[in-house]
Amino acid sequence: GGAVVSVEGDWFVEGEGLSCKFGDGVTVVGVFHDRKRIACEVPVVEGGGTVRVSVSNNGVDFVGGNVEVEVAARGAVFGVSPSRGGVRGGDVVTLTGLNFAMSGAGDAVCLFDGMRRVEASVVSSTELRCEAPGWHTPMAVRVDAVIGDVVSSEGAVYEFVEEAVVFGVKPSRGPRGGGTSVSVFGEHFSSVESYCSFGDARGLVAKHVSSSLVVCSLPATHVLGGVEVEVSNNGASFTRSQVEFEYEESLEVVSFSPSAGTDLGGTELNVYGVNFPRGGEMKCVFGSSASNSVTAARWVSSSHAGCRSPSREAGNVTLGVIAEGETAVSLGGVYRFEPSMQVFSMSPNRGSVEGGTVVTFGGSGLDRVA
């Protein structure tokens, strides 16, 4: 469609009836050059293919039919990807369909809602690319392919949505080994599909909790420091909120002291290691994950932290430290909860004011009395 063919013969007459017929029904006006030559624009015919061309001086009586021309089929759009984007526009969208590459058809255009034209590039006869325009309000619109001023016979639906925004993340720091679940807070997060990006790591599928919260799994990285965390509602375009997440070295516990304390808890412990984060929350973990006891850790330096033992049944347990954003406890060794001293009986229960009476106590944990 759109191409002009020259038809040569004899006794062509200039006038309103001069015309060309393509196949059995599509008639177009002919342009007179001289009595031996006229020109006609090739129409778009559903299905396309090779058709015979006949001519008429009066628009009624056609002669010829021994000349054939290839007629392009009208384009059809079957899908658009991504199928949604922000009202800000700028997303590169791909239309898939048929008959996008028409020889001599001229410019290609994406037509949004029948009125907004955007320049497009033809990738192949089945693929067309263009940039979604900005839109005045969130809504779903039809998008068509226009090839040489011929609008596609079928279109696809593209949805303009509110622009997502990221306000913050929790935790705001974590190990470069990744694996931590990071909550991302903001607004206008899509329930259909949501993605996170951490710096150059993009297209990470997020768990949608609500329009203001998604949860992402922290990817591993070889680089320490801050990266920007963004969210996408279509996997193609991301927010530009510039909220930072800090990658750190994982902490490691080397030793602690004392190695034992009463089962009543309250023992002050000093924990030593490397990469203790300042400003981030740390906890001392006593015991296995199935039956652990946790107390807050106090940052002293990057290699020193302090915490208090909890009240716990007597026995040996592992002791480690976990920092905000970490998924694994760094173990430092075994800590022993010792039975507290308890006195059940005393004999005799009286004696001389001059002293010297031998008194016998009965109870538990008395063997630790010096």
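For the structure, check the block above.
(A) Structural detail: the environment of D107. Residue placement: D107 occurs in the loop between β10 (92–98) and β11 (108–112). Separated by 187 residues in sequence, D107 and V294 have C-alpha atoms that sit 68 Å apart. Setting aside residues up to four positions removed in sequence, D107 forms contacts with V146, I147 and G148.

(B) Local environment of a nonpolar patch on the surface. On the surface, a nonpolar cluster with roughly 360 Å² of combined accessible area is contributed by V343, M346, V359 and F361. Relative to the helices and strands, F361 resides in strand β36 (residues 360–364). Judged by its relative accessible area of 47%, F361 is partly exposed.

(C) Inspection of the packing of aromatic side chains at higher detail. Evaluated as defined, the whole model comprises 10 aromatic pairs. A ring pair is formed by F286 and Y335, whose centres lie 5.7 Å apart and whose planes are at 75 degrees; its orientation type is edge-to-face. With F286 in strand β29 (residues 282–286) and Y335 in strand β34 (residues 330–338), this residue pair connects regions lying 49 residues apart in the sequence. By relative accessible area, which is 0% here, F286 ends up buried. Summarising the aromatic geometry, the rings of Y335 and F337 are spaced 5.0 Å apart at their centres and angled 80 degrees between planes, so their arrangement reads as edge-to-face. The two residues Y335 and F337 agree in class, both being buried.

(D) Expanded view of the side chain of E230. As for its placement among the helices and strands, E230 is situated in strand β24 (residues 225–232). One buried charged side chain, E230, makes no salt bridge at all; its nearest oppositely charged neighbour is R202, positioned 7.8 Å away. Here the side chain of E230 touches S241 through a polar contact of 3.0 Å, landing on its backbone nitrogen.

(E) Structural detail: the sheet that holds strand β5 (residues 37–41). With antiparallel pairing, three strands are arranged side by side in an open sheet as β1-β5-β4. With one partner strand each, in any of the chains shown, β1 (4–8) and β4 (31–34) form the two edges of the open sheet. Strand after strand, the sheet turns through a mean of 25 degrees between neighbouring axes, direction not considered. Direction of pairing for β4 relative to β5: antiparallel, over a ladder of three bridges. Bridging across to β5, F32 finds its partner in I38.

(F) Molecular detail of the sheet that holds strand β20 (residues 195–198). Strands sit in the order β18-β25-β24-β20-β21 across an open sheet of five strands; the sheet is mixed. The open sheet has two edge strands, β18 (173–175) and β21 (201–205), and neither has a second partner. Here the strands of the sheet are splayed against their neighbours by 30 degrees on average, with no regard to which way each runs.

(G) Representation of empty space enclosed by the protein in the model. This structure, assessed with the given rule, holds one cavity of 30 Å³ or more. Each pocket or cavity is described by its volume, and for the largest cavity that value is around 110 Å³. G86, E163, A164, N233 and S237 are, among the 15 residues lining the largest cavity, the residues nearest its centre. Contributing elements (two or more residues each) for the lining of the largest cavity: β9 (84–86) and β24.

(H) Highlighting the state of the cysteines. Summed over the entire model, instances satisfying the criterion amount to four disulfides. There is a disulfide in this structure between C20 and C40, and the S-S distance comes to 1.9 Å. Taking the sign of the S-S torsion, 65 degrees for the link of C20 and C40, the bridge is right-handed. With C20 in strand β2 (residues 19–22) and C40 in strand β5, the pair connects residues that are 20 residues apart, well separated along the chain. Residue C20 shares its accessibility class with C40, and that shared class is buried. Sulfur-sulfur distance for the disulfide between C196 and C216 comes to 1.6 Å. Of this pair, C196 sits in strand β20 while C216 is found in strand β23 (residues 213–217), placing the two residues 20 residues apart along the sequence. The same class applies to C196 and to C216, which are both buried. The cystine pairing of the protein, numbering bonded cysteines in sequence order, is 1-2, 3-4, 5-6, 7-8.

What counts and what doesn't
- Residues numbered from 1 in each chain as written.
- Predicted model: local features only at pLDDT ≥ 70, side-chain atom pairs only at ≥ 80, totals over all residues.
- Heavy atoms only, no water.
- Helix = DSSP H or I, 4+ residues; strand = E, 2+ residues; numbered from the N terminus.
- Contact = heavy atoms within 4.5 Å.
- Patch = residues over 30% accessible without salt bridge, like charges linked within 9 Å, V, L, I, M, F, W, Y side chains within 5 Å.
- Areas by Shrake-Rupley, 256 points an atom, 1.4 Å probe, with all protein chains shown as cover.
- Salt bridge = Lys/Arg side-chain N within 4 Å of Asp/Glu carboxyl O.
- Buried < 20%, exposed > 50% of the residue type's maximum accessible area, 1.4 Å probe, protein only.
- Phe/Tyr/Trp six-rings, centres within 6.5 Å; stacked < 30°, edge-to-face > 60°.
- Lys, Arg positive; Asp, Glu negative; His and termini not counted.
- Polar contact = N/O pair within 3.5 Å; in protein donor to acceptor, adjacent residues only side chain to side chain.
- Pairing = 2+ DSSP bridges.
- Axes fitted to C-alpha atoms, helices over the stretch in contact; angles between N-to-C directions.
- 1 Å grid on protein atoms, 1.4 Å probe; cavity = no way out; pocket = protein on both sides within 12 Å on 5 of 7 lines; lining within 4 Å.
- Points joined across faces, edges and corners; volume = space filled by probe spheres on them.
- Disulfide = S-S within 2.5 Å.

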